[in-house]
Structure formats: C-alpha cells, structure tokens
Amino acid sequence: MPTESTAKIRITDLRERINVIDAQILERLKERLSAARKIGQLKAASDASVLDTGREVEVLTRLLAENLSGELGNFDLLKIYRPIISAARDLQHQGKRHADPPSLYAVFGNPIGHSLSPLMHTAAFWATGYNGTCFAVEATESQQIVNGMKTIGIRGASVTIPHKTAVLPLLDEIDDQAGKIGAVNTVLNQSGVTKGFNTDCDGVVSALTAVADLAGKSVLLVGAGGAARAAAFGIQSAGGRVTICNRTADKGERLALELDCEFEPLDKLPLLESEILINATPVGMAPGPDASVVPENALRNGMLVMDLVYTPLRTRLLREAAAAGCETIDGCEMFIHQGARQFEIWTGLAAPVEIMRLFVHAALAKNG
Ligand code: NAP
C-alpha cells in the first residue's frame, strides 16, 4: 500500500509522462491535418468531392481492426477519432464548417433499456460523418411515438415491442411492404409527415441472401408471431417456398392461409424436409433456459439454419445445427441488416454494415 506522499510522487511522474505524450500527439495531429489540407487542395484543383464516406469508413475499420488489445475500447477509439476525421474534413472545406444541429433519431419501445439500436446507429452516424444523434425512449403508448416525433422534430424512429402493430394506424403513410405485413419497425418524419416501413423483413432476407439464393428454396419457419410474419413475407417475395410450423395450430394455419403457404404442426418437425430452417420463436433466448424448439433429429447435414434469437449469439439451436453439419446464421445478422436498412431510409446513405456489426458484437461480448 503506497503512502500518501509516495502516491503523490507517482501521480506527478505519470502526469509528466502524459504531458510528454500529449505534446507528441499534438505534433502528429498537426502532421495529419496538414496532410488532410493538402488532400483538400488537390481535390479542389480536380473538382472532387470533399466528403468521401468510403475512405472514412475504410480508415475507421482499419483502426478498429488494429485496436485488438489494451486500454482503449473500440467505442472510445471511435469517439476520439470521429472529431479528428471531422476536423480533417473541415480543413478540406477550407474553413467552411457545417454548424447545423444534428438530426434526431430515437428508438421507442417498452422495455428499451437493453436495446443495442442507439449504439449501432450512433456508430453508423460517426462512421459515415452523418450529422445525427440516436437515443432510446421508453414509450408506454404508441401515440407517444408519433406525438414525440412531430413535437420535437425527431427525423426517424426505430419502433420495437410492443408498438410494431399498434403504431401503424397512427402514421400518415405506410410503405407497401409494411402495409402487407401489418407491422412497422421504422418511421421517417419528413417535414411533419410520418411514413412507416418494415425493415425486419429486409433484415431476414439480407442475412439469408448473403449466403444463399432464396429462389425456389424450401424454408421451414418455426413460429407464427410478428417476426415470423415479417420473415415469411420477405422470403416469399424473394422466391422462397415457406412452410409455417407453429405450437398453436390455429395461429399457424391462419398465417399460412394469409401467405398462401403450407402449415405443419410443431410435433411433425423431425419428419419434415427443408433446405433452410428458421427459429422465429423466443425459445433459447437468455435469461430463459438453454433450450431449442427444434429437436436434434430435425437437423440434417447441409441445411442452412438461422436463429432470430441473438442473446446468446450461439444459441443451443445453432450449436446443435453446427454439430449436425448445418451452415448457421445468428439472429444478430438480422438485427444488423434491419438496422442498416433503417439507416438507409433515414439518411439516404449507404449503411456502414461492417462498422455496425463490429459494435453490436463488441456490445454483446461485453454484456456476456
Ligand atoms: P411473438 O409475436 O410473441 O411470437 C412468438 C412465437 O413463438 C409464437 O408463434 C409462439 O407460438 C412461439 N413460441 C413462444 N414460446 C414457444 C415455446 N415455448 N415453444 C414453441 N413455440 C413458442 O414474438 P416475435 O416478435 O415474433 O419474436 C420472436 C423472436 O424473434 C423473439 O425471440 C425476438 O427476440 C426475435 N426477434 C429477433 C429480431 C432480430 O433482429 N434478430 C427481430 C424481431 C424479433 P404460439 O403461437 O403457440 O404462442
């Protein structure tokens, strides 16, 4: 245990060390900004655009990949680098700064405390240099979402449980796909006119099509709730042949009738053949039991198996599927892709999917 006076000496030494490091950082920052100024002059001479989102995402992705150990977490690294990149961009603009306040985005739900959406979107704003901010709001009534957006001027919202269906009739306009699904998870507010979209559907399809062509594929979808509905709609639109398999037969049959697809009861699962199998039930989600809704004898070598549950990332279903020789996709991929589509609807920019994935994975690892 150091005495008070030895601790003071040690602190003084460490502060001096910090002063020297700060001076070195300052010198290197000046060099970095000087290089940026020269790039600005070259761009001006060749009439090229200052904003180069691709290059900025490339810089951040490289830095995050190099930041593998030590004191600095990836989110803190991004927090430090974002203003450095903004300063470099301002220099390239030769002093013409954008002083506009950030556009506001919110994630509405109840409960909402554990949502990773604000973190994922903040990372995407920083990575692309988009002047936006995203925060979580606990909403008990769906009407609060629309009132909040219109009153405060929130430009975009991500809507989650329990508002996805109830918010739909409260919006001014509904995108065709969201109207057919009957649920909205994304809202865009354009000068007071609110329009609802469903990106859960795009999220499932993008995650699947990243590894497989869905046209003509047989897809066994376990569950008949909101997520299953969005998934079934998207998969069918992409040419997949869906069979709904649900615990409560009435509910499954109703969804199958609406989608004009097959229905099978849950206990038939081991007898059914399909190329793709998706769990759209909450079975296996923490803090619930480490369970799987799919018996092991329903998993076949070569099948593509996706779980929409992403806490934990490797659910029992995915572990058993991998052991049976199946290719697997975790629920995080749906979450990231639905968020990427939200970002595109909100900002009109291409989403930095890799950065979004990096941050969601880091947060999930941190939360255990
Ligand atoms: P939901 O509307 O409540 O539907 C739940 C479905 O799961 C129902 O069909 C229900 O069957 C079935 N189910 C529930 N417990 C079951 C059990 N013990 N055994 C068999 N079937 C059971 O829920 P949801 O909104 O569709 O969400 C489903 C899951 O998807 C959740 O875990 C959610 O977190 C996840 N999700 C993930 C994402 C993502 O981005 N990855 C997005 C949305 C949802 P019955 O009809 O018999 O009750």
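Residues numbered from 1 in each chain as written. Predicted model: local features only at pLDDT ≥ 70, side-chain atom pairs only at ≥ 80, totals over all residues. Heavy atoms only, no water.

Some details on unusual backbone geometry
Line of reasoning, step 1. Residue Pro111 follows Asn110 across a cis peptide bond; omega there is 5°.
Line of reasoning, step 2. Along the chain, Pro111 turns up in the loop between β1 (103–109) and α4 (117–128).
Line of reasoning, step 3. A cis geometry characterises the amide bond from Ile161 onward to Pro162, with omega recorded as 5°.
Line of reasoning, step 4. As for its position among the elements, Pro162 is in the loop between β3 (154–159) and β4 (173–174).
Line of reasoning, step 5. In the Ramachandran plot, Ser191 falls in the positive-phi region, its phi being about 50° despite a non-glycine side chain.
Line of reasoning, step 6. With a phi angle near 55°, Asp260 is a residue other than glycine that sits in the positive phi range. (Helix = DSSP H or I, 4+ residues; strand = E, 2+ residues; numbered from the N terminus.)

Quick word on the sheet that holds strand β12 (residues 327–329)
For sheets, the rule is that strands pair by backbone hydrogen bonds, running either parallel or antiparallel.
Line of reasoning, step 1. Here 6 strands make up an open sheet; going across it, the order is β9-β8-β7-β10-β11-β12 and the pairing parallel. Bordering the open sheet on either side are β9 (262–265) and β12, each of which pairs with just one other strand. Neighbour-to-neighbour, the strand axes of the sheet open up by a mean angle of 20°, direction not taken into account.
Line of reasoning, step 2. Here strand β7 (residues 218–222) runs beside strand β8 (residues 241–246); their pairing, made up of 5 bridges, is parallel. Of the residues in β8, the one forming a bridge with Leu220 is Thr243.
Line of reasoning, step 3. Together, β10 (276–279), β11 (304–307) and β12 form the strand contacts of helix α7 (residues 199–209), whose direction differs from that of β11 by roughly 145°. (Pairing = 2+ DSSP bridges. Axes fitted to C-alpha atoms, helices over the stretch in contact; angles between N-to-C directions. Contact = heavy atoms within 4.5 Å.)

What to know about the site of the ligand
Line of reasoning, step 1. Of all residues adjacent to the ligand, which total 22 residues, the nearest are Ala224, Ala227, Asn246, Thr248 and Leu308.
Line of reasoning, step 2. At 2.8 Å from an oxygen atom of the ligand is found a main-chain nitrogen or oxygen belonging to Ala224.
Line of reasoning, step 3. Contacts to the ligand include Lys251, whose side-chain N or O atom sits 3.2 Å from an oxygen atom.
Line of reasoning, step 4. Coverage of the ligand by the protein chains reaches 76% of its 920 Å² of free accessible surface.
Line of reasoning, step 5. Going through the elements one at a time, α8 (226–237) and α11 (331–347) are the ones with two or more residues in the shell around the ligand. (Near = heavy atom within 4 Å. Polar contact = N/O pair within 3.5 Å; in protein donor to acceptor, adjacent residues only side chain to side chain. Areas by Shrake-Rupley, 256 points an atom, 1.4 Å probe, with all protein chains shown as cover.)

Here we look at the pattern of salt bridges
Oppositely charged side chains may form a pair once their charged atoms are brought near each other.
Line of reasoning, step 1. Scanning the entire structure with this criterion turns up 14 salt bridges.
Line of reasoning, step 2. Arg341 is the salt-bridge partner of Asp202, the closest N and O atoms lying 3.9 Å from each other. Of this pair, Asp202 sits in helix α7 while Arg341 sits in helix α11, placing them 139 residues apart in sequence.
Line of reasoning, step 3. Of the charged contacts, one joins Arg357 and Glu354 as a salt bridge, the two residues approaching to 3.1 Å between their closest N and O atoms. With Arg357 and Glu354 both in helix α12 (residues 353–366) and 3 residues apart, the pair spans about one turn of that helix.
Line of reasoning, step 4. Given the relative accessible area of 48%, Glu354 is considered partly exposed.
Line of reasoning, step 5. Bridged by salt links that share partners, the residues Asp202, Arg341 and Glu344 form one connected network. (Salt bridge = Lys/Arg side-chain N within 4 Å of Asp/Glu carboxyl O. Buried < 20%, exposed > 50% of the residue type's maximum accessible area, 1.4 Å probe, protein only.)

So, the environment of Asp100
Line of reasoning, step 1. Within the fold, Asp100 resides in the loop between α3 (74–92) and β1.
Line of reasoning, step 2. On the accessibility criterion, Asp100 (54% relative accessible area) is exposed.
Line of reasoning, step 3. Taking C-alpha positions, Asp100 is 8.2 Å from Asn131, a pair spaced 31 residues apart along the chain.

A short note on the domain arrangement of the protein
Line of reasoning, step 1. For the protein, the assigned domains read domain 1 (15–92), domain 2 (103–198 + 335–367) and domain 3 (202–329).
Line of reasoning, step 2. Of note, the centres of domain 1 and domain 2, computed from C-alpha atoms alone, are 29 Å apart.
Line of reasoning, step 3. Contacts between domain 1 and domain 2 engage 13 residues on the former and 11 residues on the latter.
Line of reasoning, step 4. Buried surface at the junction of domain 1 and domain 2, summed over both partners, amounts to about 1,100 Å²; 80% is from carbon and sulfur atoms.
Line of reasoning, step 5. The largest per-residue losses of area from domain 1 upon contact with domain 2 belong to Phe75, Leu78 and Arg82, which jointly make up 41% of the total buried on that side.
Line of reasoning, step 6. Across the contact surface, domain 1 and domain 2 share 0 residue pairs in polar contact (both at pLDDT 80 or more).
Line of reasoning, step 7. The set of elements that each furnish at least two residues to the side of domain 1 that touches domain 2 consists of α2 (53–66) and α3.
Line of reasoning, step 8. The class makeup of the residues in the side of domain 1 that touches domain 2 is 6 nonpolar, 3 polar and 4 charged. (Domains from an automatic or database assignment. Buried area = accessible area lost by both parts, 1.4 Å probe. Nonpolar A, V, L, I, M, F, W, Y, C, P; charged D, E, K, R; others polar.)

Some details on the pairing of β8
Line of reasoning, step 1. Within β8, 5 of the 6 residues are buried, which leaves it mostly tucked inside the rest of the structure.
Line of reasoning, step 2. Note on the crossover from β7 through α8 to β8: the handedness is right-handed.
Line of reasoning, step 3. Of the strand pairs in this sheet, β8 and β9 are connected by 4 bridges, and their pairing is parallel. Bridging from a neighbouring strand, Asn246 pairs with Pro265 of β9.
Line of reasoning, step 4. As for the winding sense of the linkage, the β-α-β connection from β8 through helix α9 (residues 249–259) to β9 is right-handed. (Right-handed = clockwise from strand over helix to strand, strands pointing away.)

Some remarks on the side chain of Glu264
Line of reasoning, step 1. With respect to the secondary-structure elements, Glu264 resides in strand β9.
Line of reasoning, step 2. Ignoring sequence-local partners within four residues, the contact set of Glu264 consists of Thr243, Ile244, Cys245, Asn246 and Leu272.

Considerations on the environment of Phe75
Line of reasoning, step 1. Within the fold, Phe75 resides in helix α3.
Line of reasoning, step 2. When its relative accessible area of 25% is taken as the criterion, Phe75 is described as partly exposed.
Line of reasoning, step 3. Leave out the neighbours within four places in its chain, and Phe75 touches Leu119, Thr122, Trp126 and Phe359.

Regarding helix α1 (residues 4–45)
Line of reasoning, step 1. Look at α1: 60 Å from first C-alpha to last across 42 residues, which is about the 62 Å you get at 1.5 Å a residue.
Line of reasoning, step 2. Listing the buried residues of α1 in full gives Ala36, Gly40 and Lys43.
Line of reasoning, step 3. Contacts from the buried residues of α1 go to α3.
Line of reasoning, step 4. At the exit of α1 stands Asp47, carrying a positive phi of roughly 60°. (Expected span 1.5 Å × (residues − 1).)

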